[in-house]
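Each chain, letter by letter, is given below.
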Amino acid sequence: MSKLNFKALRVLLCTKTRGNPFLFISSLRTLCVTGFLLPTLCFSQSYPFDLPNTVTATLNVETNLQEAFRNPLLGYNIFGFNSSTDKDFINTFNPNTIRFPHGLFANWYDWRQDKSRVFGTETFDYIFRKQETRTTEIDELHAINIFDTNNMKVGIDGLAQLNSDKKAANQGQGYNVVWTFNMSADGTNFNNGSPETVARYDDLIARGFEVKDIELGNECFYPGQRSSIIPNATEYIARAKSMSQALKARDPNIQVSIPLLRRGSWVNPDWNDDVTQDLTYFDAVTVHTYIGSDPDNAANTDDAFSTALTARKSLETSTDAFVRIYTGNKPIWLTEWGVKSGGPNAVSALGMADCYLFMSENQNIYQRANWFSVNGKLNSFVTFEDYVVNGNTRSRIKYPLEKTVYGATHEILRSVFENSMLLESSMNTTILEDDVKAVSARVVTKNGKTTVFVINLTNKSVPFTLKMDGTTYNGAFMHKAMQFDNVAQERNLPINEDPQTLIKDGSGAITLPPLSINTIALNGSIINNPVTSIPGILEVENYNYGGQGVGYSDSDSQDKLGAGRPGDGVDIGLDNGGKFIGYTAAGEWLKYTINVQQAGDYDFKFVYASGKSGGGTIGAKINESVIFTGHNLPQTAGWGDFQTDTSLNSVTLAQGFQTLLVNIEGTSFNLDKINIVSASNQNPYHGIVNVPGIIEAENYDVGGEGISFHDLTLGNTGGTYRTDDVDVQSNANGYNVGWIDTGEWLEYTINVPDTGAYNFEFTYAANSDTAKIGASFPDENLPLFTNYSLEQTAGWTDYKTATKYGLNLTAGIHVLRFNIDGGGFNLDKIRVFKPYGSKISANKNLLTVTKETLTETKIELIAYPNPSRTGLFNLSTPSVWHVYNVFGVRVLEGEGNEVDLSKFSTGLYFLKSKHTTKKLIFK
């Protein structure tokens, strides 16, 4: 079609729209988007900001300032959990965080029937502006009645199945869910303890869900979303306090939120003031923010592209700047939010991405965010199509699935940020409006890789400079981008197609395409400094990367001991079962990246050796501030006589990622490790465990995170028995510790009556082949064993036993730590017993061990593991033994408690000793 001139266009549109200016604008926008008009005439495709001729951007990254990304910020609202199509759809998007139920219908959810219905009366009176009584009808009453009459299920059974499947495939970890609770279900007696709320919580736990975050109603600031049971703020507050108290009695770690308005309301202008007069009954506030088109306000159809491109400003204004004046430091849950200026187009996608960056920069404020929505028409991740039923046009999701730019943008964001570590950075570039930068970026590390995520909000190509700790990055990189031709461009892609295209794979200059979402993957792990969690053991050889003057300072460039990093001058040797730093000289230093789990006072325990008279002195700084100086490490019996100095106590550390600089203030000593532990007291949970005896896994010591245990996730996922962060659940025999991850540990105070050999029998269930466990006496710097494999069982409830034999324990009271060297199992208990050849007797006060030599015929020889996948077998009693194949040919002989068939073919063998004959199965 030929292009129209403006005069003809004006006549045509005025004729078609009968002079209506709104229809005129709408029709003009339609012609622009469909390409029938010249771009110069299409104001809806014009870039909304005046820019300088050249826009540049420089990102300055501080690699030692790191923060874990908060995964719940990548959540979204999704619905439909019942049919196989629903479940396939959800599994395709595999959400890490969801909300159930969501929207207005959550206020009318009957959990016992899994449907929406009216609670109270259909109409009711409420107090308008604290001045007069008005009558309102429940919002969406017609739809609620249809759902009720037709018994339409919301989908808790389907969600429970999806959650169960996810736990089975994810080492016991299901969905992170924010649950929206009905505020009317408990009736008008606000002193009744909220029995329906408690019953619903118990039902969710029984279904296998994690229940940690609960919204107390959806948008109850609107009268139509309340009820005749809670018609006003006064009744809402009374019920919210009752529910909060009842839920926290079940689990003190539960977090509850209340809904706040993000702007003024002519109906309820005092809602925010009223519900926040008392700040003690809630932990967070829920805010619903829609930037651009607003589904809560039909009159607000702001399609201005400038609105989307400056979306982070609107997000800050409507949440942090507005809501936090009522609540102080309470975190914000964005359980509904979206950006839509014109549709699922370029500016909406760019604004969406920039809001995620804004939230990542303010994780102390934003605790979770659920995009609205994945499979609803508003801000949908997928394409819809029209179809006709009985002459009526309706919409449905298009199959095969196609993703909109919303879905594509979220896919890119999730691939970069989920489970990542954020690095602190600052951007120098042009300002669009009100401190909104033309280019925004974050740098993350994940899985040994470093990636720069960059958004170019301008319609210009932008030269981009990356500086790491002040040095311009000139290495290799792979640059990919999703870019748009103009601000109004919409794009749909097949569900499995990569939304980004390759821009450059090489080195040199980096240029951001106009209107683009970019990922720049850097070559190598150039800034992935080792991170030590505190409390924990700082292995001194794990100093920061960067070389002389950056990660360390050494008096010469030679590694005199030869066991260090190639090219570095730090003197690292081998002794004391690991690596140590030696040839220390005054003025040398090493930097470490530490992550302090909880602010507080800590004791520093130095494992060192010094053959010099007077020993040496050591000091330390945190982020260049001195935390101690002049600490003496006394002389030991020699350079190989490693001892533990425990005299440096109560050093105050702040929470979070920090740079620890260790100063060598006076020579000379060899330094192996620094054990940094909380100065708080640690005590047995149910008394000291006497061994031989049984250690129940759930009865780990009292003390808290980093003191008596280390758990990688907040809250007790199992929701039972104890209220700290260790994940305890019920089983057929009592309780077990579950959701076990690599790197976690548990400590128990035990009493060993007699020095000697002991066996450890683990009762466990493992749904994977990754389960490994170790043990040590951490306060004594004494390892017992590491990486003991627990073979896979038939499932999470199929408990088996595995025994680690022949561990030497000294008499006395010890703190015993079990280290998780490989996750993916449930731990029920550990039975500690003497090897065969000793007899256990007991009185009513104390288990004691009496050594008693048995006759040879009574000794039982056990070979384990059996079958063995590696060909390695351990024997419960050291013996002289011979191994024969199935043809009776002797293939191996030896003495001791280990048999190694790894060099032989798999199959059946027979082990003979003077005690017994055993079958050995090498798989």
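The coordinates are above.
Because the structure is a prediction, the values reported are computed rather than measured. (Residues numbered from 1 in each chain as written. Predicted model: local features only at pLDDT ≥ 70, side-chain atom pairs only at ≥ 80, totals over all residues. Heavy atoms only, no water.)

A. Region of the structure containing the environment of Glu696. Looking at the element boundaries, Glu696 is found in strand E42 (residues 693-696). Residues Glu696 and Val737, 41 residues apart in the sequence, show an inter-C-alpha distance of 9.3 Å. Setting aside residues no more than four positions away along its own chain, Glu696 makes contact with Tyr748, Asp828 and Lys829. (Helix = DSSP H or I, 4+ residues; strand = E, 2+ residues; numbered from the N terminus. Contact = heavy atoms within 4.5 Å.)

B. Geometry of the side chain of Thr97. The topology assignment puts Thr97 in strand E3 (residues 97-100). Side chain to side chain, Thr97 and Asn96 meet in a polar contact 3.2 Å long. If sequence neighbours within four positions are ignored, Thr97 has contacts with Asn71, Pro72, Gly75, Tyr76, Asn176, Arg368 and Asn370. (Polar contact = N/O pair within 3.5 Å; in protein donor to acceptor, adjacent residues only side chain to side chain.)

C. Focus on helix H3 (residues 84-93). Of all the positions in H3, only Lys87, Phe89, Ile90 and Phe93 are classed as buried. All buried residues of H3 fall inside an arc of 160° around its axis, so they share one side. Away from its buried face, by an angle of more than 90 degrees, H3 presents the exposed residues Ser84 and Asp88. On its buried side, H3 packs onto strand E2 (75-76), helix H5 (156-169), strand E15 (392-397) and helix H13 (405-417). Following H3 by one or two positions, Asn94 has its phi on the positive side, about 45°. (Buried < 20%, exposed > 50% of the residue type's maximum accessible area, 1.4 Å probe, protein only. Arc of directions from axis to C-beta.)

D. Geometry of the environment of Trp589. Summarising the element assignment, Trp589 is placed in strand E34 (residues 589-596). Taking C-alpha positions, Trp589 is 9.7 Å from Val570, a pair spaced 19 residues apart along the chain.

E. Spotlight on the packing of H3 against H5. For the pair H3 and H5, interaxial distance at closest approach is 11 Å and the crossing angle is 40°. One finds that H3 runs oblique with respect to H5. The way H3 lies across H5 gives a crossing that is right-handed. When H3 is examined against H5, the residues Lys87, Ile90 and Asn91 are found in contact with a partner set consisting of Gly158, Gln161 and Leu162. Looking at the contact of H3 with H5, its residues break down into 2 nonpolar, 3 polar and 1 charged. (Axes fitted to C-alpha atoms, helices over the stretch in contact; angles between N-to-C directions. Parallel < 35°, antiparallel > 145°, perpendicular 65-115°, else oblique. Left-handed = near helix turned anticlockwise from the far one by under 90°. Nonpolar A, V, L, I, M, F, W, Y, C, P; charged D, E, K, R; others polar.)

F. Here's a closer look at the packing of aromatic side chains. Under the criterion given, the structure shown has 34 aromatic pairs. Each ring, one from Tyr685 and one from Tyr721, has its centre 6.0 Å from the other, and the planes form 65°; the classification is edge-to-face. One end of the pair, Tyr685, is in the loop between strand E40 (670-678) and strand E41 (689-690); the other, Tyr721, is in the loop between strand E43 (709-710) and strand E44 (728-731), and 36 residues separate them in sequence. Residue Tyr685 is classed as partly exposed on the basis of its relative accessible area of 27%. Classification of Tyr721 as partly exposed rests on a relative accessible area of 29%. By way of ring pairs, the aromatic residues Tyr748, Phe760, Phe762, Phe785, Tyr788 and Phe818 are connected into one cluster. The lysine or arginine in question, Arg565, covers the ring of Tyr543, its NZ or CZ lying 3.8 Å from the ring centre. One residue, Lys834, lies across the ring of Tyr758, its end atom 4.4 Å from the ring centre. (Phe/Tyr/Trp six-rings, centres within 6.5 Å; stacked < 30°, edge-to-face > 60°. Lys NZ or Arg CZ within 6 Å of the ring centre and 35° of its normal.)

G. Focus on the packing of helix H12 (residues 346-361) against H13. It is at 9 Å that the axes of H12 and H13 come closest, and there the two elements cross at 30°. Between H12 and H13, the angle falls in the class roughly parallel. Our pair here, H12 against H13, has a crossing hand that is right-handed. On H13, the residues that touch Ser348, Ala349, Met352, Ala353, Tyr356 and Leu357 of H12 are Val405, Tyr406, Thr409, His410, Leu413 and Phe417. When its residues are assigned to classes, the contact of H12 with H13 shows 9 nonpolar, 3 polar and no charged.

H. Region of interest: the nonpolar core. Core analysis: the biggest nonpolar cluster contains 138 residues, and Trp179, Tyr236, Phe417, Phe453, Phe464 and Leu466 have the highest contact counts within it. Look past the residues within four positions of Trp179 in its chain and what remains in contact with it is Phe100, Ile156, Leu159, Arg200, Leu204, Phe209, Glu210, Val211, Asp213, Ile214 and Glu215. Ile695, Phe785, Tyr805 and Tyr864 belong to the second largest nonpolar core, which has 40 residues in total. (Core = buried A, V, L, I, M, F, W, Y, C linked by side-chain atoms within 4.5 Å.)

I. Region of the structure containing the environment of Ser360. One can find Ser360 in helix H12. Taking relative accessible area as the criterion, Ser360 reaches 1% and is therefore assigned buried. When the C-alpha positions of Ser360 and Leu73 are compared, they lie 8.1 Å apart, and in sequence the two are 287 residues distant.

J. Looking closely at unusual backbone geometry. A cis amide bond links Phe100 to the next residue, Pro101, at an omega of -25°. For Pro101, the location among the structural elements is in the loop between E3 and strand E4 (109-110). Notably, Arg129 is not glycine yet its phi reads approximately 55°, a positive angle. Secondary-structure assignment places Arg129 in the loop between strand E6 (123-128) and strand E7 (132-137).

K. The side chain of Asn379, seen in detail. Note on placement: Asn379 falls in the loop between strand E13 (366-371) and strand E14 (384-389). Overall, the relative accessible area of 2% leaves Asn379 in the buried class. With near-sequence residues (within four places) excluded, Asn379 lies in contact with Tyr290, Trp337, Gly338, Val339, Lys340, Trp371, Phe372, Ser373 and Tyr406.

L. Quick look at the pattern of salt bridges. This structure, assessed with the given rule, holds 31 salt bridges. Note that Arg396 and Glu385 form a salt bridge whose closest N and O atoms lie 3.2 Å from each other. Pair noted here: Arg396 is in strand E15 and Glu385 is in strand E14, with a separation of 11 residues, a long-range link. Overall, Arg396 belongs to the partly exposed group, its relative accessible area being 40%. On the basis of relative accessible area, Glu385 is assigned to the partly exposed category, the value being 26%. Residues joined in a network through salt bridges with shared partners are Arg99, Glu215 and Glu336. (Salt bridge = Lys/Arg side-chain N within 4 Å of Asp/Glu carboxyl O.)

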